[in-house]
Amino acid sequence: MLSGLFKLIGYLNPNVLIINNFLLLLLVFGPALLVTIILVLKKFSNS
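Residues numbered from 1 in each chain as written. Predicted model: local features only at pLDDT ≥ 70, side-chain atom pairs only at ≥ 80, totals over all residues. Heavy atoms only, no water.

Time to look at the overall build of the protein chain. The number of helices and strands found in the protein chain is two helices and zero strands. Burial status across the protein chain gives 0% buried among its 47 residues. Total accessible area on the protein chain is roughly 4700 Å²; 76% of this is exposed by carbon and sulfur atoms. (Helix = DSSP H or I, 4+ residues; strand = E, 2+ residues; numbered from the N terminus. Buried < 20%, exposed > 50% of the residue type's maximum accessible area, 1.4 Å probe, protein only. Areas by Shrake-Rupley, 256 points an atom, 1.4 Å probe, with all protein chains shown as cover.)

What follows is about a nonpolar patch on the surface. On the surface, Phe22, Leu23, Leu24, Leu25, Leu26, Leu27, Val28 and Phe29 cluster together to form a nonpolar patch covering roughly 840 Å² of accessible area. Looking at where Val28 falls in the secondary structure, it is placed in helix 2 (residues 21–46). (Patch = residues over 30% accessible without salt bridge, like charges linked within 9 Å, V, L, I, M, F, W, Y side chains within 5 Å. Salt bridge = Lys/Arg side-chain N within 4 Å of Asp/Glu carboxyl O.)

Turning our eyes to something else, we now look at helix 2. Its 26 residues place the ends of helix 2 37 Å apart at the C-alpha level, agreeing with the 38 Å of an ideal helix rising 1.5 Å per residue. Its maximal kink placed at Phe29, helix 2 deviates by approximately 50°, while the proline Pro31 follows within four residues. Burial of helix 2 is sparse: only zero of the 26 residues sit out of reach of the surface. (Expected span 1.5 Å × (residues − 1). Bend = angle between axes of the 7 residues up to and from the residue.)

Honestly, that's just the spatial picture; any functional story needs more than this.
This is the structure in structure tokens:
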């Protein structure tokens, strides 16, 4: 239902929900990439 509401809002006013692909990729893969970098740094700092 929430997805349908956002789709309707985006269809009626396309300038409100402009999200470029880079920002979308950053939001999706950013936290996982950050955790991976922290784990690798911890591994290298211990040895």
